Amino acid sequence: MNVINKQILLSDGRTIEIETGRLAKQADGSAVVKMGGTMLLATVTAAKEVKEGTDFMPLTVDYKEKYYSAGRFPGGFMKREGKSSDYEILISRLIDRPIRPLWPDDFHLEVFVNVWLISAEQDIQPDALAGLAASCALATSDLPFGGPISEVRVGRVNGEFKINPNFSEMANCDLELMVAATEENIMMVEGEMKEVSEHDMLEAIKFAHEEIKKHCRVQKELIAELGNDVKRDYPHDVEDEDLRKAVHEACYNKCLELAKSAKPEHEREDGFNAIRDEFLATIPEEELEEKEPLVNRYFGHEQKEAMRNMILDEGLRLDGRKTDEVRPIWCAVDYLPFAHGSAIFTRGETQSLATVTLGTKQDMKEMDEVLIQDDQQFVLHYNFPPFATGEAKSQRGVGRREIGHGNLAMRALKPVIPMMPENPYAVRVVSDILESNGSSSMASVCGGCLALMDAGVKITKPVAGVAMGLITDEKDPNNRYAILTDILGDEDHLGNMDFKVTGTKDGITATQMDIKVDGLSYDVLEKALEQARQGRMHIMGEMLKTISEPREDYKPFVPRIKSFEVDKEFIGAIIGKGGETIQKIQAETGAVINIDEIDGKGVVDIATNDAEAMQKAYDWIMGICAVPEVGEVYHGKVTSILEFGAFVEILPGKEGLLHISELDWGKTEKVEDILHEGDEVDVKLLEVDAKTGKLRLSRRALMEKPEGYVEPVRRPRPSGDRREGGRGERRDDRRSGDRRENRGGERRERSERGERRPRGEHRENKPAEE
């Protein structure tokens, strides 16, 4: 067993260890990356033959977190890991995007990269190590990967940049970026910020790249030590140079002419197909089956080059716009009369129908990852149906692309949405893409912002987003290039870089970059970000013409939420045994009630759009939390009648004894002469027993004392009364035992007859509930 270990020393003294040769040795490549107690196992395998008809790079990346890594059981009935969560899919995308462009153009073997979290230290964020682990596994293989790469998280903690900050430090971050790069070039950037300037974001990228360079050099040492400098051979594409020249001569000028025509997307697509089909018609039928795949590949190249050269040489775009021009925008709000908030955002041929739904804490999304257990107060879901691009096919489940686009839009809006306690609502934004020709994720940001303001959510500032493209001469990328604002779908595919930037008027809130060109300078990046800022400000100006600030109030059918604090000692009483009390309040009022302990206090939320129900639930809960005070008058309800008096509930869950002698100034023969079960009565609290907490009530204390009334003289107790002690106490004990025995017999007789004890019969010798 040839085990090799390498170390990477971070600037703050922490160490990342790389080990290969011990685990998963039958994979084409494998490595374990360790930082503190966190360990990731990465493996890579590749097929031996190309699947017929494959003309792309079939790469699959899966990131999985094993619950055993943190000593936890998975949730659910099966208690085992299932399909990837959204969180795992997002990390898989962060690994996939920087390594996908680094393969030879004619490499079409299926490649599978798996990264597992196998040990998890509580405070270390494992996703920051996943890209490095994948690259190390590729480095130990003989696959023709154009890396190595590494990926780090850079955060600005209390004003200072830091590589791979821990979970506990993230609360103090105002900038968080995931940056992936080779030793020479930035490959990918994604993250969120709290209104950070373009300059500060670039400085963070530079800081991250300096760290990544060290990681790449260590991996190159590992490759040399393993002797993996020579990579395996693989099936190459068949080439036909004569056919390539024929396609260029017959099709390039036609493609260029069509690209300049500024036709709509589908007409342009049909035109390109017609040019290709016209050339295919010139090929003899017996050669067509062999040559058609080559023609398709060569024609795609000519089509791409024609559009790129048109933009670089003449500054013309496919739809006739200037390079810094944004497509026409129209917006509308309150389009859906019964949604809590709604908006339509349309930019050119891209359209988003955005909606907002406001709910209670019970509606929050629960995250139950290996290291993250949290309730998400704000979520954004993005849907991209096939009809948005005119495709005739059924819609299946949510794909990785939809999860990624929704996450970017969510991160863009999250910094401006007030959270608890300022905003007690769970907030869900949905962006349904109805048309798409480029930058639907940025349409989701703009539409989502409009819908939030329409719903009355008090966002701190409006947010807009724009998608940008960069087309360069790959031989001279820093001198011959074009920066495109608000890119079309075709411009996205033919460019060397696409990036999306969102923000307020004061700074960036989120970004996503994918760079596919070598040697791009930071000066070009800086110019691209400035042009993006100008485009974002233009879009925001158009949005604010429709609605400029959040509505003053929520719509009438939005549930109102009343939040208040109670002493935490009352939380149990409000909930009741097995949730009995809180369920009863909800059933009788129709309100939705949540209670949590936060910072040593009970925080209660009552949600309903019925003001009367809100007040009833509030009074009920406050009654549970109230402490009875001697001398106060209470309006109570008779809960049970006994021979010697009645029990009256004066506050929720708090009963006291109203003795028969306290019913009236005159003599009362029977309690039923005055009160019945269910009657409401005003009583005064005379006494709270210091030992038992029993409450003694009086009705007559609230009545005017009759003139000449004399309090009756109480008869003396018999000498044998047990309260006077002596031998009579023992005789009384025996009589009490006889009575208990008789009562036991009565219970057995009632049980045999199927009868129940009259309500309240047991209360004579029980203390009243507090």
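What counts and how
- Residues numbered from 1 in each chain as written.
- Predicted model: local features only at pLDDT ≥ 70, side-chain atom pairs only at ≥ 80, totals over all residues.
- Heavy atoms only, no water.
- Helix = DSSP H or I, 4+ residues; strand = E, 2+ residues; numbered from the N terminus.
- Rg over C-alpha atoms; globule rule 2.2 N^0.38 Å.
- Buried < 20%, exposed > 50% of the residue type's maximum accessible area, 1.4 Å probe, protein only.
- Contact = heavy atoms within 4.5 Å.
- Areas by Shrake-Rupley, 256 points an atom, 1.4 Å probe, with all protein chains shown as cover.
- Lys, Arg positive; Asp, Glu negative; His and termini not counted.
- Charge placed at Lys NZ, Arg CZ, Asp CG, Glu CD.
- Pairing = 2+ DSSP bridges.
- Axes fitted to C-alpha atoms, helices over the stretch in contact; angles between N-to-C directions.
- pLDDT = per-residue confidence, 0-100.
- 1 Å grid on protein atoms, 1.4 Å probe; cavity = no way out; pocket = protein on both sides within 12 Å on 5 of 7 lines; lining within 4 Å.
- Points joined across faces, edges and corners; volume = space filled by probe spheres on them.
- Phe/Tyr/Trp six-rings, centres within 6.5 Å; stacked < 30°, edge-to-face > 60°.
- Expected span 1.5 Å × (residues − 1).
- Left-handed = near helix turned anticlockwise from the far one by under 90°.
- Nonpolar A, V, L, I, M, F, W, Y, C, P; charged D, E, K, R; others polar.
- Polar contact = N/O pair within 3.5 Å; in protein donor to acceptor, adjacent residues only side chain to side chain.
- Salt bridge = Lys/Arg side-chain N within 4 Å of Asp/Glu carboxyl O.
- Parallel < 35°, antiparallel > 145°, perpendicular 65-115°, else oblique.

Caption draft 1: Summary view of the overall build of the protein chain. Along the backbone of the protein chain there are 14 helices and 29 strands. In terms of C-alpha radius of gyration, the protein chain reaches 37 Å, well past the compact-globule figure of 27 Å for 770 residues. Dimensions of the protein chain, computed from the C-alpha atoms along their principal axes, are close to 125 × 65 × 55 Å. Residue burial in the protein chain is summarised as follows: out of 770 residues, 51% are buried. Within the protein chain, contacts between residues at least 6 apart in sequence are counted, and of these 70% link residues at least 24 apart. Per element, the accessible surface of the protein chain, about 38400 Å² overall, is 47% carbon and sulfur. For the protein chain, the centre of its 105 positive side-chain charges and the centre of its 143 negative side-chain charges are spaced 8 Å apart.

Caption draft 2: Quick look at the sheet that holds strand β2 (residues 15-20). Within the open sheet, the 6 strands sit side by side as β1-β2-β3-β4-β6-β5. Their pairing is mixed. Edge positions in the sheet fall to β1 (4-9) and β5 (59-65), since each has one partner strand and no second. When strand polarity is set aside, the average angle formed by the axes of neighbouring strands in this sheet is 15°. Contacting β5 and β6 (111-119), helix α1 (residues 86-99) runs over the sheet at an angle of about 140° to β5. In the packing of helix α2 (residues 127-139) onto the sheet, contacts are made with β1, β2, β3 (29-35), β4 (38-46), β5 and β6, and the angle to β4 comes to roughly 40°.

Caption draft 3: View of the confidence of the model for the protein chain. For the protein chain, the average pLDDT comes to 89, and 92% of its residues sit at 70 or higher. In the model, residues 722-745 has pLDDT below 50 throughout and makes 11 contacts with residues more than four positions away in sequence or in other chains. This stretch, residues 747-770, has a pLDDT under 50; its non-local contacts, to residues over four places away or in other chains, come to 28 contacts.

Caption draft 4: Region of interest: empty space enclosed by the protein. Tallied over the entire structure, the rule returns 3 cavities of 30 Å³ or more. Its volume calculated, the largest cavity comes out at about 40 Å³. As for the largest cavity, its lining consists of Leu-90, Arg-93, Leu-94, Arg-97, Glu-190, Gly-404 and Gln-512. Of all the elements, α1 adds the most residues to the lining of the largest cavity, at 4 residues.

Caption draft 5: Spotlight on the packing of aromatic side chains. Taken as a whole, this structure holds 8 aromatic pairs when the rule is applied. Relative to Phe-207, the ring of Phe-161 has its centre 5.6 Å away and its plane inclined at 35°; by these criteria the two rings are tilted. Of the two residues, Phe-161 sits in strand β8 (residues 160-163) while Phe-207 sits in helix α3 (residues 198-226), which places them 46 residues apart along the sequence. Using a relative accessible area of 26% as the deciding quantity, one classes Phe-161 as partly exposed.

Caption draft 6: Representation of the sheet that holds strand β28 (residues 680-688). On the basis of which strands lie adjacent, the closed barrel formed by 5 strands has the order β25-β26-β27-β29-β28 and mixed pairing. Each strand axis lies, on average, 50° off the axis of its neighbour in the sheet, ignoring direction.

Caption draft 7: Quick peek at α3. Relative to the 42 Å expected for 29 residues at 1.5 Å per residue, α3 spans 42 Å between its end C-alpha atoms, a close match to the ideal helical length. Following α3 by one or two positions, Gly-227 adopts a phi angle in the positive range, close to 75°.

Caption draft 8: Focus on the packing of α3 against helix α10 (residues 522-544). At a minimum axis separation of 10 Å, α3 and α10 run at an interaxial angle of 145°. Seen along the crossing, α3 lies across α10 with a hand that is right-handed. On α10, the residues touching Glu-198, Met-201, Leu-202, Ile-205, Lys-206 and His-209 of α3 are Tyr-522, Leu-525, Glu-526, Leu-529, Arg-533 and Arg-536. When the residues that make up the contact of α3 with α10 are grouped by side-chain class, the tally is 6 nonpolar, 1 polar and 5 charged.

Caption draft 9: Here's a closer look at the environment of Gln-531. With respect to the helices and strands, Gln-531 occurs in helix α10. With relative accessibility at 15%, the residue Gln-531 sits in the buried group. A C-alpha to C-alpha distance of 42 Å links Gln-531 and Ser-141, two positions 390 residues apart in sequence. Those residues within four positions of Gln-531 in sequence are excluded, and the remaining contacts are Thr-323, Asp-324, Met-468, Ile-483, Leu-484 and Thr-485. Only 3.0 Å separates the side chain of Gln-531 from the side chain of Thr-485, close enough to count as a polar contact.

Caption draft 10: Region of interest: the side chain of Glu-190. The topology assignment puts Glu-190 in strand β10 (residues 186-196). Here the side chain of Glu-190 touches Arg-97 through a polar contact of 2.5 Å, side chain to side chain. Those residues in contact with Glu-190 that lie beyond four places of it in its chain are Leu-94, Arg-97, Glu-176, Leu-177, Met-178, Asn-407, Arg-411, Thr-511 and Gln-512.

Caption draft 11: Highlighting the pattern of salt bridges. With the rule as written, the count across this model stands at 67 salt bridges. As a salt-bridge pair, Asp-334 and Lys-555 come within 2.6 Å of each other at their nearest N and O atoms. You can see Asp-334 sitting in the loop between β11 (329-333) and β12 (341-347) and its partner Lys-555 sitting in the loop between α10 and β22 (560-567), a full 221 residues away along the chain. Judged by relative accessible area, Asp-334 falls into the partly exposed class, the value being 38%. For Lys-555, a relative accessible area of 9% puts it in the buried group. Measuring nitrogen to oxygen at the nearest pair gives 2.8 Å for the salt bridge that ties Lys-555 to Asp-454. Remark: Asp-454 occurs in helix α8 (residues 440-455) and Lys-555 occurs in the loop between α10 and β22; sequence separation between them is 101 residues. Asp-454 matches Lys-555 in its accessibility class, with the two residues each being buried. Via salt bridges that share partners, Arg-97, Asp-127, Arg-153, Glu-176, Glu-190, Glu-192, Arg-411, Lys-414 and Asp-514 belong to a single interconnected network.

Caption draft 12: Structural view of the packing of helix α5 (residues 265-280) against helix α6 (residues 285-314). Put simply, α5 and α6 touch, their axes get as near as 10 Å, and they point 140° apart. Judged on the interaxial angle alone, α6 and α5 are oblique. For the pair α5 and α6, the sense of crossing is right-handed. Across from Phe-272, Ile-275, Arg-276, Phe-279 and Leu-280 in α5, the residues of α6 making contact are Leu-288, Glu-292, Val-295, Asn-296, Phe-299, Gln-303 and Met-307.

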